[in-house]
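Observations on the three-dimensional arrangement
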Amino acid sequence: MTFNEAIKQKKNILKNSSEFTKTLYDYIIIPALEEEGRNYMEEFKKNPSLFMDDSCKNYSSNARFRVFLFPKNKN
């Protein structure tokens, strides 16, 4: 999906998620290609607070993205 579609999907997921679920997981946008998504996640894990939604654009070669459910407090 495009970045804008991913943003809309993330907002919809957050709107429909319970507060408890939000304490357990972060919803992040990552590149859709597996290797690029993996590279992004490795960098994200090092310091999540440095990454904004549009940070993933720098890791994508085809401008396709997906929303990923990332467990908090796990590296």
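Here goes a summary of the coordinates provided. (Residues numbered from 1 in each chain as written. Predicted model: local features only at pLDDT ≥ 70, side-chain atom pairs only at ≥ 80, totals over all residues. Heavy atoms only, no water.)

1. Concerning the side chain of Ser55
- Looking at where Ser55 falls in the secondary structure, it is placed in the loop between α3 (34-46) and β2 (65-71).
- Ser55 has contacts with Tyr40 and Leu50, leaving out every residue within four places of it along the chain. (Helix = DSSP H or I, 4+ residues; strand = E, 2+ residues; numbered from the N terminus. Contact = heavy atoms within 4.5 Å.)

2. Regarding the nonpolar core
- Counting residues in hydrophobic clusters, the biggest one holds 15 residues, and the most contacted among them are Ile28, Ile29, Tyr40, Met41 and Phe44.
- Elements with a contribution of two residues or more to this core: α1 (3-16), β1 (25-31), α3 and β2.
- Top contributing element to this core by residue count: β1, with four residues. (Core = buried A, V, L, I, M, F, W, Y, C linked by side-chain atoms within 4.5 Å. Buried < 20%, exposed > 50% of the residue type's maximum accessible area, 1.4 Å probe, protein only.)

3. Quick notes on the environment of Asp53
- Note that Asp53 resides in the loop between α3 and β2.
- Sequence separation between Asp53 and Lys8 is 45 residues, and the spatial gap between their C-alpha atoms is 12 Å.
- If near-sequence neighbours (up to four positions away) are discounted, Asp53 is found in contact with Phe3, Ile7, Lys10 and Ile29.
- A polar contact is formed between the side chain of Asp53 and the side chain of Lys10, at a distance of 2.6 Å. (Polar contact = N/O pair within 3.5 Å; in protein donor to acceptor, adjacent residues only side chain to side chain.)

4. What about the packing of aromatic side chains?
- One pass over the full model with this rule turns up six aromatic pairs.
- Ring centres of Tyr40 and Tyr59 lie 5.0 Å apart, and the angle between their planes is 80 degrees; this geometry places the pair in the edge-to-face category. Placement of Tyr40 in helix α3 and of Tyr59 in the loop between α3 and β2 is noted, with a sequence separation of 19 residues between them.
- Members of the aromatic cluster, each reached through a chain of ring pairs, are Tyr40, Phe44, Phe51, Tyr59 and Phe70.
- The residue whose ring lies beneath Lys57 is Phe3, and the NZ or CZ to ring-centre distance is 4.3 Å. (Phe/Tyr/Trp six-rings, centres within 6.5 Å; stacked < 30°, edge-to-face > 60°. Lys NZ or Arg CZ within 6 Å of the ring centre and 35° of its normal.)

What is shown is where atoms sit, not what they do.
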